[in-house]
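Remarks on the overall topology
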Amino acid sequence: MNSIFAKKDKGNKQNLKLNVIFNAIYQVLILIVPLITTPYISTVFTSDIVGSYSYAYSFTQYFTLFADFGFTMYGTTLLAKVRGEKEKEDNAFWGIMYCKIILDVFILMIYFSLVFGDVFFDKNYPLNDNTVYLCFSLAIVSYLFDTTFLFQGKEKFVNLCIRNLFVKILSTILIFVLVRDADDYLTYVLIMSISLFLSGFITFVSTPFIIGKPKKVPFADLKKHFKGSFIFFIPSIATTIYTVASKTILGAIGGDSVQSGYYEQANKIVDVIVAIVNSVSTIMMSRMAYLYAKGKYDEIRTKTRKILQLYCLLSLPCFFGLFAINEYLTLGFLGENFEGSVVLIYVLALKIILIPGSGILGSIYYIPNNELKKRNIYLVTGAIVNIVVNTLLVYFFSAIGAACASVLTEFVVTFLYWWGCRKELDFKPLWKDWILCFDAAIIMFILLVVLKSPSLSLSALLMNAIGVFSDRVIYFMAAVFMVVIGVLIYGILILLFREPFTLEFVRNIKNKIVARRRK
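Just so it is clear, the structure is predicted and the values come from calculations on it, not from any experiment.

The rules behind each value
Residues numbered from 1 in each chain as written. Predicted model: local features only at pLDDT ≥ 70, side-chain atom pairs only at ≥ 80, totals over all residues. Heavy atoms only, no water. Helix = DSSP H or I, 4+ residues; strand = E, 2+ residues; numbered from the N terminus. Buried < 20%, exposed > 50% of the residue type's maximum accessible area, 1.4 Å probe, protein only. Contact = heavy atoms within 4.5 Å. Core = buried A, V, L, I, M, F, W, Y, C linked by side-chain atoms within 4.5 Å. Phe/Tyr/Trp six-rings, centres within 6.5 Å; stacked < 30°, edge-to-face > 60°. Lys NZ or Arg CZ within 6 Å of the ring centre and 35° of its normal. Axes fitted to C-alpha atoms, helices over the stretch in contact; angles between N-to-C directions. Parallel < 35°, antiparallel > 145°, perpendicular 65-115°, else oblique. pLDDT = per-residue confidence, 0-100. Salt bridge = Lys/Arg side-chain N within 4 Å of Asp/Glu carboxyl O.

Once that is clear, we can look at the overall build of the protein. Per the secondary structure count, the protein includes 19 helices and 0 strands. Residue burial in the protein is summarised as follows: out of 519 residues, 55% are buried. Long-range pairs, those at least 24 residues apart, make up 85% of the contacts in the protein with a sequence separation of at least 6.

Attention now moves to the nonpolar core. Phe 45, Leu 308, Leu 322 and Leu 361 are the most contacted members of the largest nonpolar core, which has 132 residues in total. Looking at this core, the element that brings in the most residues is helix 12 (residues 297-334), giving 17 residues. Setting aside chain neighbours within four positions, we find Phe 45 in contact with Val 50, Val 179, Asp 181, Ala 182, Asp 184, Tyr 185, Tyr 188 and Phe 338.

Right, let's talk about the packing of aromatic side chains for a bit. Geometrically, a pair of aromatic rings is defined through the distance of the ring centres and the angle of the planes. For the structure shown, the criterion picks out 49 aromatic pairs. Ring pairs connect the aromatic residues Tyr 55, Phe 59, Phe 63, Tyr 111, Phe 112, Phe 120, Tyr 125 and Tyr 133, which therefore count as one cluster. Taking the ring centre of Trp 419 as reference, the NZ or CZ of Arg 422 above it sits at 3.7 Å.

We now examine the packing of helix 5 (residues 130-145) against helix 8 (residues 185-206). For the pair helix 5 and helix 8, the least separation of the axes is 7 Å and the interaxial angle reads 10 degrees. Accordingly, the angle class assigned to the pair helix 5 and helix 8 is roughly parallel. Note on element contacts: helix 8 touches helix 5 through Tyr 185, Leu 186, Val 189, Leu 190, Ser 193, Ile 194, Leu 196, Phe 197, Gly 200, Phe 201, Thr 203 and Phe 204, opposite Thr 131, Val 132, Cys 135, Phe 136, Leu 138, Ala 139, Val 141, Ser 142 and Phe 145.

Caution applies to low-pLDDT regions: their predicted coordinates should not be interpreted in detail. Overall, the predicted model of the protein reaches an average pLDDT of 81, with 86% of residues at or above 70. No element of the protein has a lower mean pLDDT than helix 17 (residues 458-465), which averages 56, and none a higher one than helix 13 (residues 341-348), which averages 93. Contacts from residues 1-15, a stretch scored under 50 in pLDDT, to residues over four places away or in other chains number 34 contacts.

Our next topic: the environment of Ile 353. With respect to the secondary-structure elements, Ile 353 resides in helix 14 (residues 351-366). Judged by relative accessible area, which is 21%, Ile 353 ranks as partly exposed. Beyond its immediate sequence surroundings of up to four residues, Ile 353 is in contact with Tyr 311, Ser 315, Leu 316 and Phe 319.

The next thing to look at is the pattern of salt bridges. Going through the model one piece at a time under the given rule, you end up with 4 salt bridges. As a salt-bridge pair, Asp 271 and Lys 351 come within 3.8 Å of each other at their nearest N and O atoms. Of the two residues, Asp 271 sits in helix 10 (residues 257-277) while Lys 351 sits in helix 14, which places them 80 residues apart along the sequence. With a relative accessible area of 25%, Asp 271 lands in the partly exposed category. Of the residues examined, Lys 351 reaches a relative accessible area of 5% and is grouped as buried.

The following block contains the structure:
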């Protein structure tokens, strides 16, 4: 393949922006319950209770990994390739669903046998009895019904967003109503587990509107789907290891639920920002698979360049912005009981740049270009690095060690992703535009830091002006104010620097407004 940026786009221009926006909403909705309830939970529960939840759920995530078995990514890619061919769509969908049912029932049998065998019991976490793990089994059951791959493959992200919105709002209301003190830990676990179950089940209820009735699928097709999904399962194992293993190792080796609580809450804040920046990856995986299948290489080149520019446009201000307001945001969002999360966020913030970077390269090159073997090698390498480094650093440095290991792993994987496609994807034409984003983000960061200086301390000014509020509320208000200021500063600078993607976006909006007025 020649430089992917060598030609201009001549293909039909479909509106990806709406799908990107709604996919961003969907990805954030996956985390919206802990995001909205985190300030409340950090008040109701102590850090050791939050750490107990994090440790118990980390075990369940390994089983949900096997329950998914790569079906989501495999199904998304397969359905994107056959989109518009009704019979092939139906056969692919029901073949994957039968495979999911067979595997998930087997996984549940193993899980229940381990629970009743007290394999998960840990004396350092007395809150996590068998009842807690039985509640978490609902997360595994959800994969029996989850048809997210169908909506992603057909690029119906609006449908996903709307159908999950009800579940997220309901679970949030239940948490505020039913979880009142530390004794409601089990209630909280149950609410979160039911939420995970409904998020999967509600997609299955919606499938009759966009797919045909169940049909017989040859055994050969089932074997083909298992084999195809396994290719995606290998990177899922690796990814889960270096995203979840930190929590498990921290809980097992560290044996300190308080440190686990600090790490869990710090990750929640960073992961929500990562989800926003990373929202374009799933969209591009589906669209690129479709474009490669149709041989629309001109459009592939154009979409690739735009998506890489959008990634830079979003990730840099989010990273530097979080670095600038971290203390205000953490103390305001979590409270002083989680002050230990502040230093962890300074380390974990690097994931805002690293995770979306590798995710996008996978979506625009490795997956649609069928470079899965190379991609799997990189991810397995990252998993090995994570386990080794995590074990060493957690033993000596506890939660900070886990955070450093997590970031180091993401750096290794992202570097390998970039190195592996450097000849096929010519990044040189993008450097000029990326520098504009970097300059704007740095200037924004400096101005926000100045705003935090002792002589202009925003929290102190707010405390003097509205001293009736608690320090936590003041910190939160200061963080919100600085976010608004940061967005305005960055937006103005990007326009002044005439960043191409932003100018094109503004130009398109202007043209649409003019067109509507003429009508």
